[in-house]
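# Structural description and commentary
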Amino acid sequence: MNIPKLSCPRIVIIGGGFGGLSLAQKLNKKEVQVVLIDKNNYHTFQPLLYQVSTGGLEPDSIAYPIRKVLKDYKDFHFRLAEVKKINPKEKSIVTTIGDLSYDYLVIATGSETNFFGNKEIEENAMTMKSIPQSLDLRSLIIENFEQALLTDEMHERDALMNFVIVGGGPTGVELAGALAEIKKGVLPKDYPDLDTRRAQINLVQSGDRILPGMSEKASEKAEEFLEKLGVEIWKNTRVTGYNGKLVTTKTELTFNSATVVWAAGVMGATIKGIDAKELLVRGNRIRVNEFNQIIDYPEIFAIGDVACIENDETPRGHPMMAQPAIQQGKNLAKNLINLLEGKELQPFAYKDKGSMATIGRNKAVADTNRFKFQGVFAWFVWMFVHLFFLIGFRNRAIVFVNWVYNYIRFDREARLIIRPYNRDYSQFKD
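Here goes a summary of the coordinates provided. (Residues numbered from 1 in each chain as written. Predicted model: local features only at pLDDT ≥ 70, side-chain atom pairs only at ≥ 80, totals over all residues. Heavy atoms only, no water.)

### What about helix 9 (residues 216-228)?
Compared with an ideal rise of 1.5 Å per residue, which puts 13 residues at 18 Å, helix 9 spans 18 Å between its outermost C-alpha atoms and is within 8% of the ideal. Among the residues of helix 9, those classed as buried are Ala218, Ser219, Ala222, Glu223, Phe225 and Leu226. Each buried residue of helix 9 lies within a common arc of 160° when the element is viewed along its axis, so the set occupies one face. Opposite the packed face of helix 9, turned more than 90 degrees from it, sit the exposed residues Glu216 and Lys228. Downstream of helix 9 by one or two residues, Gly230 has phi in the positive range, about 95°. (Helix = DSSP H or I, 4+ residues; strand = E, 2+ residues; numbered from the N terminus. Expected span 1.5 Å × (residues − 1). Buried < 20%, exposed > 50% of the residue type's maximum accessible area, 1.4 Å probe, protein only. Arc of directions from axis to C-beta.)

Structure, rendered in structure tokens:
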């Protein structure tokens, strides 16, 4: 890997997400060598991926080069690679560009889509966990409407304009709201010779309410907002299969759809070598102690979505969101320095800053420790928070300008098929 061997300890971080970056930033100017490894050379602001999928933003406005974030940091090295295996006994990792030894290892690989073992859905449904996946979804959405123009078969046309979003969490709710606004404000102008009123947006939730991680008031208001936008919400409905054409559920309800987006769950993105069953808990997450140390491996740590701190307050671990990852990264940076200096480690204490979701234009819900609010004010708060946490002034400026333009013109300029998503449409014919 061509990384110099120094006398100071080497800390290897796997993953350039929220947790990995916050850790690396806090280790600046410390007497350590930091090596950050990621399969992408950029950090992705995942909360806005749905806007890339729906043409509201271009991908470069929510991505930022990792090297630029940490360019002036002392003894910092970035390598573009994928980690294949961890060898705890040898204190080394195996990557696509070679092996590397470590003194301390931090796993910050985040999460990946959880299909709960359903291979059929995994093969045919779309996901939205990365920029390439979001671009694929954007292309498919537009291609489906282009294809709908070419068919005289009403059944086929309806399937091409029928969207099924599985999962009523923030991702599913925000995507459903964005698609509903496209149906209302964009499609009639782009496809005047197509009856876009027949387009359907279906949000399918296995539980008895959407946004289950938020307050009941937020769930009720979000449902009200979505229904006003024309979204069909199906609660207590579990999707059991999707063959690329037909969506089946545990009930008699079925959907003929060319576009199914799976937003029903995530699981920890573990790495071979630290994937033994005794190390993992619910959701394929790595069990760690209050210092984010992996049990039986005191020199290996895990933070963010892939880590799970089980205690009386958090029996299922912390939420798999950005804030726990950021806070764990900052706390671990302090503990790594304390460890090197022989000081006492500080247990991680999560400060819940609340949660929020936007449903569309002037519509959002927000829960904080003290207040719960919905509507226009929540929408402005949502925009401010997301702009604040974006990395880089350019990205903030571009996103802000795009939002203002989209709001004034009721338009989404980035509805481009940059990378075609090849789909066999013959299956939708009668």
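### A short note on the packing of helix 1 (residues 18-26) against helix 10 (residues 322-340)
Close contact between helix 1 and helix 10 brings their axes to 7 Å; oriented N to C, the two are set at 30°. Taken together, helix 1 and helix 10 sit at an angle that is classed as roughly parallel. With respect to the hand of their crossing, helix 1 and helix 10 are arranged in right-handed fashion. Residues Phe18, Gly19, Ser22, Leu23 and Lys26 of helix 1 pack against Ala322, Ala325, Ile326, Gly329, Lys330, Leu332, Ala333 and Leu336 of helix 10. The residue inventory of the contact of helix 1 with helix 10, partitioned by class, reads 8 nonpolar, 3 polar and 2 charged. (Axes fitted to C-alpha atoms, helices over the stretch in contact; angles between N-to-C directions. Parallel < 35°, antiparallel > 145°, perpendicular 65-115°, else oblique. Left-handed = near helix turned anticlockwise from the far one by under 90°. Contact = heavy atoms within 4.5 Å. Nonpolar A, V, L, I, M, F, W, Y, C, P; charged D, E, K, R; others polar.)

### Things to note about the pairing of strand 1 (residues 10-14)
Here strand 1 lies mainly inside the structure; 5 of its 5 residues are buried. Examined bridge by bridge, strand 1 and strand 2 (residues 33-38) share 5 bridges and lie parallel to one another. For Ile14, the partnering residue across the bridge sits in strand 2 and is Ile37. At this point the chain moves from strand 1, through helix 1, to the parallel strand 2, and the crossover so formed is right-handed. Pairing between strand 1 and strand 9 (residues 104-107): 4 bridges, direction parallel. Paired with Ile11 across the bridge in strand 9 is Tyr104. (Pairing = 2+ DSSP bridges. Right-handed = clockwise from strand over helix to strand, strands pointing away.)

### Some remarks on the pattern of salt bridges
Pairing is possible between side chains that carry opposite charge, provided their charged atoms lie close to one another. Inspection of every chain in the model, using the stated rule, returns 16 salt bridges. The closest approach of N and O atoms between Lys74 and Glu31, which form a salt bridge, is 3.1 Å. Here Lys74, found in the loop between helix 3 (66-69) and strand 5 (76-80), pairs with Glu31, found in the loop between helix 1 and strand 2; they are 43 residues apart in sequence, far enough to count as distant. A residue is classified by how much of its surface remains accessible, and Glu31, at 55% relative accessible area, is exposed. The shortest N-O distance in the salt bridge between Lys84 and Glu82 comes to 3.9 Å. Residues joined by salt bridges that share partners form a network here, namely Asp190, Asp411 and Arg415. (Salt bridge = Lys/Arg side-chain N within 4 Å of Asp/Glu carboxyl O.)

### Thoughts on the packing of helix 11 (residues 376-389) against helix 12 (residues 393-409)
The interhelical angle for the contact between helix 11 and helix 12, taken along N-to-C directions, is 155°, at an axis separation of 9 Å. Regarding the angle of helix 11 to helix 12, the classification is roughly antiparallel. In this structure, helix 11 crosses over helix 12, and the sense of that crossing is right-handed. Every residue of helix 12 that contacts helix 11 at Trp379, Trp382, Met383, His386, Leu387 and Phe388 is listed here: Arg396, Val399, Phe400, Trp403 and Tyr407. A class-by-class count of the residues in the contact of helix 11 with helix 12 yields 9 nonpolar, 1 polar and 1 charged.

### Considering unusual backbone geometry
Here Phe116, not a glycine, exhibits a phi torsion of approximately 55°, which is positive. Note on placement: Phe116 falls in the loop between strand 10 (111-113) and helix 4 (119-124).

### Comments concerning the packing of aromatic side chains
On inspection of all chains with the given rule, the structure shows 11 aromatic pairs. Centre to centre, the rings of Trp382 and Trp403 are 5.5 Å apart; their planes meet at 35°, and the pair counts as tilted. Of the two residues, Trp382 is situated in helix 11 and Trp403 in helix 12; the sequence distance between them amounts to 21 residues. Judged by relative accessible area, Trp403 falls into the buried class, the value being 11%. When the centroid spacing of 6.4 Å and the interplanar angle of 25° are considered together, the rings of Phe384 and Phe388 count as stacked. With Phe384 and Phe388 both in helix 11 and 4 residues apart, this pair spans about one turn of that helix. Taking relative accessible area as the criterion, Phe384 reaches 57% and is therefore assigned exposed. The class for Phe388 is exposed, based on a relative accessible area of 53%. Through pairs of rings, three or more aromatic residues link up here, namely Phe145, Phe163 and Tyr191. The ring of Tyr407 has Arg361 lying over it, and the distance from NZ or CZ to the ring centre is 3.9 Å. (Phe/Tyr/Trp six-rings, centres within 6.5 Å; stacked < 30°, edge-to-face > 60°. Lys NZ or Arg CZ within 6 Å of the ring centre and 35° of its normal.)

### Regarding the sheet that holds strand 8 (residues 98-101)
Spatially, 6-7-8 is the arrangement adopted by the 3 strands of the open sheet, whose pairing is antiparallel. Where the open sheet ends on each side, the last strands, each with one partner, are strand 6 (83-87) and strand 8. Here the strands of the sheet are splayed against their neighbours by 20° on average, with no regard to which way each runs.

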